[in-house]
Protein chains: 2
Amino acid sequence: MGPEAGTPGEEPLRRVPAGSAVLQELAAGERLVVVNTPGTQVVDCWAFVRDPEGGHAGEHMSMEHTRVELERVCPAVGDSLFSNRRRPVLTLVADTSPGVHDTTLAACDVHRYRRLGARGHHANCTDNLLAALASAGLRPDGVPCPFNLWENAPVRPDGTQRIRPPVSRPGDRVVLRAERDLRVVLSVCPQDLAPTNGAEGVPGDVHIAVEPARGAD
Amino acid sequence: MGPEAGTPGEEPLRRVPAGSAVLQELAAGERLVVVNTPGTQVVDCWAFVRDPEGGHAGEHMSMEHTRVELERVCPAVGDSLFSNRRRPVLTLVADTSPGVHDTTLAACDVHRYRRLGARGHHANCTDNLLAALASAGLRPDGVPCPFNLWENAPVRPDGTQRIRPPVSRPGDRVVLRAERDLRVVLSVCPQDLAPTNGAEGVPGDVHIAVEPARGAD
């Protein structure tokens, strides 16, 4: 996943293939750029606070704590996402997309695909997360609800909530600033049996970059 | 917490004091009745599947999985709540209240009260959960987002979500049927610094009962 030419942005972008995941360590102040290259791709995002010894600190980004703190179901530019100790973990500092993301839906897993009619194994974001952490010798305490970048599942006034194709466009990007030393896992959702990744259900590659810390925004 | 006279229902009701929690084991088919005695009290509810050896099976009621399965942000009568393995755990079989409950907000914790200005320790639902499980020699893998009975924090069309006083009335009750052998923890939320438990912020006692399994509903 080396730098690629012809892609926008100041930092070299690296490709994260459709259906796969990447673990990215960030130091406080660094920024993670996530580019929705095809425009229709949902990316599940988790963040775990690194303790000084390199393991888990028992603190992770939590959607249910974030909603309480923001009094919003989805963060907007300038909002932070909070941990299970109610401390800022990531801040959404830029978003070229219409800002439709989801904080409410579980990551896909083998059970989800079985219920959708898949036979045999199906790649899924939950296993992607566990494998990415295992590659660093880590095992989480449970699987937190992810921050689902570009997932379009609005809560309607009658309380219903259905997954629809993303409203983002090719090349839309978000920038997330680390508020502490983190391990971030991104899973390029392999969903192809629901319109999560577009009406055609075809997952695509995304691109990411890490930008160095800079002065106050 | 013995039976009390003068309370409605077929089974003896027992009191769960304001701010405290109770761990109730249920066998598949049994029903848990929860009475909102003051009408303004929120009750955080968790369920953990019992494995045949009596410990945790690694399976618990999950709000984020429930929302995916129901395609609704809040269950209605007849809906089941699902586990992190996408199996039904509890079914909401009756609800005399207007049906406003919450599945999206984290349980209160020491960090929440500190941010609300509390000094020193403040009773909270997260510690209540952990203490209730510890009394049975158990420790969960993380703290799942609770099913917040009667919590009134609707997601509005603009995505904002603020906690308002409950719309339930004194004596309103829900009935939850266990779909498998469970350990349910109920925490009578001690929140008194937000309108969670009414505009006055005064938590009150609730009452519960367990009804035996019966034929199909």
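Residues numbered from 1 in each chain as written. Chains lettered and ligands numbered in written order. Predicted model: local features only at pLDDT ≥ 70, side-chain atom pairs only at ≥ 80, totals over all residues. Heavy atoms only, no water.

A. The relation of the copies chain A and chain B, seen in detail. You can overlay chain A on chain B at an RMSD of 0.0 Å; the transform is a turn of 180° with a shift of 0.0 Å along its axis. Taken together, these values place the two copies in the relation of a two-fold axis. The position closest to the rotation axis in chain A is occupied by the C-alpha of Asp141(A), lying 2.5 Å away. (Least-squares fit on C-alpha atoms with pLDDT ≥ 70 in both.)

B. Representation of the interface of chain A and chain B within the structure. Listed per partner, the contact involves 33 residues of chain A and 33 residues of chain B. Around 2,900 Å² of area is buried between chain A and chain B when both sides are counted, 49% of it from carbon and sulfur atoms. Contact with chain B buries area across many residues of chain A, yet Glu71(A), Arg86(A) and Arg115(A) alone supply 20% of it, more than any other trio. Summed over the shared surface of chain A and chain B, the number is six salt bridges. With its nearest N and O atoms 2.8 Å apart, the salt bridge here joins Asp109(B) to Arg86(A). Put simply, chain A and chain B have 19 residue pairs in polar contact (both at pLDDT 80 or more) between them. Contributions of two or more residues to the side of chain A that touches chain B are made by helix H1 (63–70) and helix H2 (110–115) of chain A. For the side of chain A that touches chain B, the element with the highest residue contribution is H1(A), accounting for five residues. (Contact = heavy atoms within 4.5 Å. Buried area = accessible area lost by both parts, 1.4 Å probe. Salt bridge = Lys/Arg side-chain N within 4 Å of Asp/Glu carboxyl O. Polar contact = N/O pair within 3.5 Å; in protein donor to acceptor, adjacent residues only side chain to side chain. Helix = DSSP H or I, 4+ residues; strand = E, 2+ residues; numbered from the N terminus.)

C. Spatial organisation of the layout of surface pockets. All names here are of chain A. Considering only enclosed or pocket space, the second largest pocket measures out at about 350 Å³ in volume. Together, 20 residues line the second largest pocket, and Val73, Cys74, His101, Pro154 and Val155 are the ones closest to its centre. Its residues assigned to classes, the lining of the second largest pocket comprises eight nonpolar, seven polar and five charged. (1 Å grid on protein atoms, 1.4 Å probe; cavity = no way out; pocket = protein on both sides within 12 Å on 5 of 7 lines; lining within 4 Å. Points joined across faces, edges and corners; volume = space filled by probe spheres on them. Nonpolar A, V, L, I, M, F, W, Y, C, P; charged D, E, K, R; others polar.)

D. Geometry of the pairing of strand E9 (residues 172–178) of chain A. All names here are of chain A. Among the seven residues in E9, seven count as buried, and that is most of the element. Side chains Asp172, Val174, Leu176 and Ala178 project from E9 onto one buried face, and the interleaved Arg173, Val175 and Arg177 project onto a second face that is buried too. Pairing geometry for strand E3 (residues 31–36) and E9, over six bridges, is antiparallel. Each bridged residue has a counterpart across the sheet, and for Leu32 the counterpart in E9 is Leu176. Of the pairings in the sheet, the one linking strand E7 (residues 88–95) to E9 comprises five bridges and is antiparallel in character. Counted as the bridge partner of Thr91 is Arg177 from E9. (Buried < 20%, exposed > 50% of the residue type's maximum accessible area, 1.4 Å probe, protein only. Pairing = 2+ DSSP bridges.)

E. Structural detail: the pairing of strand E10 (residues 182–188) of chain B. All names here are of chain B. Across the seven residues of E10, seven count as buried, placing the element largely inside the fold. Residues Leu182, Val184, Leu186 and Val188 line one face of E10 and the alternating positions Arg183, Val185 and Ser187 line the opposite face, and both faces are buried. Here strand E2 (residues 21–26) pairs with E10 via six bridges, running antiparallel. Bridge pairing in E10 places Ala21 opposite Ser187. The pairing of strand E4 (residues 43–50) with E10 spans seven bridges and is antiparallel. Pairing of Val49 across the sheet is with Leu182, part of E10.

F. Inspection of the sheet that holds strand E6 (residues 80–82) of chain A at higher detail. All names here are of chain A. Pairing is antiparallel across the open sheet formed by six strands, whose spatial order is E1-E11-E3-E9-E7-E6. The open sheet terminates on both sides in strands that have one partner only, identified here as strand E1 (14–16) and E6. Mean inter-strand twist for the sheet, computed between neighbouring axes without regard to direction, equals 30°. (Axes fitted to C-alpha atoms, helices over the stretch in contact; angles between N-to-C directions.)

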